[in-house]
Amino acid sequence: MKAVVITSPGGPEVLQVQEVENPRVGDDEVLIKIGATALNRADTLQRKGSSPPPEGASPYPGLECAGTVESVGKNVTRWTVGDEVCALLSGGGYAEKVTVPAGQVLPVPQGISLIEAASFPEVACTVWSTVFMMSRLSAGETFLIHGGSSGIGTFAIQIAKHQGVRVFVTAGSQEKLTFCK
Ligand SMILES: NC(=O)c1ccc[n+]([C@@H]2O[C@H](COP(=O)([O-])OP(=O)(O)OC[C@H]3O[C@@H](n4cnc5c(N)ncnc54)[C@H](OP(=O)(O)O)[C@@H]3O)[C@@H](O)[C@H]2O)c1
């Protein structure tokens, strides 16, 4: 398959599309044929050499993706070949295919294109795990979001309102406040 390879630490010019080995699906994993991926700040830090991927993870950048399930490991029952999914990755999104533990795979939300879905898992998992799982924000409570117009902020506003939470934000300009509203 083709993948975007970080040939040495540096600027965008060190990225090269190269022919690399196909990933092999493990028993608890899903192999996704990637339709779209996203750019996170951590990808640029990895490219610069200051944020290496965790041990055992793909060496290629790309922390989230959307695509179609191409094969599943023998222990995987939740997903079947042909499902349209998005996934939170430890790396490897900048490639034609990636393997990922089945628990990190999500359905493409209804009404969302495959391209939009590629930018969903990182922000959704970050906000959901910190605000709702750890902090247990609940309907009827009040929530103050600093930097409301940020990537994290805009997602947090929408999901908190959906959950029946009263939302306040701070932001660095009137234009950003209007955007949040
Ligand atoms: N996006 C993700 O999926 C993701 C996942 C995991 C972790 N994170 C982490 O979450 C944080 C936010 O990420 P992001 O993607 O939402 O970033 P972002 O879209 O670049 O937004 C950063 C925001 O920070 C605000 N800001 C900057 N300096 C500030 C200050 N001194 N006081 C208050 N606000 C300040 C800015 O808002 P104003 O201009 O209005 O001040 C800006 O909107 C980062 O630390 C990032 O590493 C993000």
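As the structure is a prediction and not an experimental result, all values here were calculated from the model. Within any chain, residue numbers begin from 1 and follow the written order of that chain's sequence. Given that the model is predicted, a residue must reach a pLDDT of at least 70 before its local features are reported, and side-chain atom pairs must reach 80 or more before they are shown or counted; all residues, however, enter totals for whole chains, interfaces and linings. Hydrogens and water are ignored here; the side-chain numbers use all heavy atoms of the structure.

**Some thoughts on the domain arrangement of the protein chain**
The domain architecture assigned to the protein chain consists of domain 1 (2-118) and domain 2 (123-180). Between the C-alpha centres of domain 1 and domain 2 there is a distance of 27 Å. For each domain, the first and last residues come from an automatic or database assignment.

**Observations concerning the site of the ligand**
Near the ligand there are 13 residues, and of these Arg41, Gly151, Ile152, Gly172 and Lys176 occur at the shortest range. Any pair of nitrogen or oxygen atoms within 3.5 Å is treated as a polar contact; in protein, a donor-acceptor pairing is required on top of that, and neighbouring residues in sequence qualify only through side-chain atoms on both sides. The contact in question runs from an oxygen atom of the ligand to an N or O atom on the backbone of isoleucine 152, over 2.7 Å. Contact distances for the ligand include 2.5 Å between an oxygen atom and a backbone N or O atom of glycine 172. When the ligand sits alone it has 890 Å² of accessible area, and the protein chains cover 43% of it. Only runs of H or I of at least four residues qualify as helices and only runs of E of at least two qualify as strands under DSSP, and these elements are numbered from the N terminus. Contributing elements (two or more residues each) for the shell around the ligand: helix 3 (121-134) and helix 4 (151-162). For the shell around the ligand, the element with the highest residue contribution is helix 3, accounting for three residues. All residues other than Ala, Val, Leu, Ile, Met, Phe, Trp, Tyr, Cys, Pro, Asp, Glu, Lys and Arg, Gly among them, are scored as polar; the first ten of these are nonpolar and the last four charged. Broken down by class, the residue content of the shell around the ligand amounts to three nonpolar, seven polar and three charged. By convention in this text, a residue qualifies as near a molecule or strand provided that one of its non-hydrogen atoms is within 4 Å of it. The accessible surface values rely on the Shrake-Rupley method and a 1.4 Å probe; as for residues, cover is taken only from the protein chains in view.

**Topic: the UniProt feature "domain: Enoyl reductase (ER)" (unreviewed entry) in the protein chain**
On the UniProt side, "domain: Enoyl reductase (ER)" (unreviewed entry) is annotated at positions that read residues 10-181 here. Each end of residues 10-181 is marked by a C-alpha atom, and these two atoms are 39 Å apart; helix forms 26% of the span and strand 26%. UniProt positions are given in the numbering used here, feature names are shortened, and annotations may be inferred rather than shown by experiment.

**Concerning helix 1 (residues 41-48)**
An α-helical turn contains 3.6 residues, so any two residues separated by three or four positions project in the same direction. Buried within helix 1 are the following residues: Asp43, Gln46 and Arg47. The arc that holds every buried residue of helix 1, seen down its axis, measures 100°, which confines them to one face. Residues Arg41 and Lys48 are exposed on helix 1 and point more than 90 degrees away from its buried face. Note on contacts: a residue pair is in contact if any heavy atoms of the two residues lie within 4.5 Å. Against strand 1 (2-6) and strand 2 (15-19) lie the buried residues of helix 1. The cut-offs for exposure are 20% and 50% of the maximum accessible area for each residue type, with area from a 1.4 Å probe on protein chains only; residues under the lower value are buried, those over the upper are exposed, and the others partly exposed. Comment: arc refers to directions from the helix axis out to C-beta atoms.

**Some thoughts on the sheet that holds strand 5 (residues 84-88)**
Should DSSP find at least two bridges between two strands, the strands are regarded as paired. Taken in spatial order, the five strands line up as 6-3-4-5-7 in an open sheet, and their pairing is antiparallel. Every other strand in the sheet has two partners, leaving strand 6 (97-101) and strand 7 (105-107) as the edge strands with one partner each. Sheet twist, expressed as the average angle between the axes of neighbouring strands with direction ignored, equals 50°. Inspection of the sheet shows strand 3 (residues 29-37) paired to strand 4 (residues 64-72) by seven bridges, in the antiparallel sense. When the bridges of strand 4 are listed, leucine 31 appears paired with serine 71. Axes here mean lines fitted to C-alpha atoms, for a helix over just the part in contact, with angles spanning 0 to 180 degrees between N-to-C directions.

**Some details on the packing of aromatic side chains**
Ring geometry is summarised as follows: Phe, Tyr and Trp rings, the Trp one being its six-membered ring, pair when their centres sit within 6.5 Å, and such pairs are stacked at plane angles under 30 degrees, edge-to-face over 60 and tilted between the two. Counted under the stated rule, the structure contains two aromatic pairs. Centre to centre, the rings of tryptophan 128 and phenylalanine 132 are 4.7 Å apart; their planes meet at 20°, and the pair counts as stacked. One end of the pair is tryptophan 128 and the other is phenylalanine 132, both in helix 3 and four residues apart, which spans about a single turn. Tryptophan 128 sits in the partly exposed class, given a relative accessible area of 36%. Accessibility expressed as a relative area gives 9% for phenylalanine 132, which makes it buried.

**A closer look at the environment of threonine 154**
As for its placement among the helices and strands, threonine 154 is situated in helix 4. Among the residues examined, threonine 154 registers a relative accessible area of 21% and is labelled partly exposed. For threonine 154 and valine 20, which are 134 residues apart along the polypeptide, the C-alpha to C-alpha distance reads 37 Å. Those residues in contact with threonine 154 that sit more than four places away from it in its chain are Gly148, Ser149 and Phe179. Of note is the side chain of threonine 154, whose polar atom sits 3.1 Å from the backbone oxygen of glycine 151.

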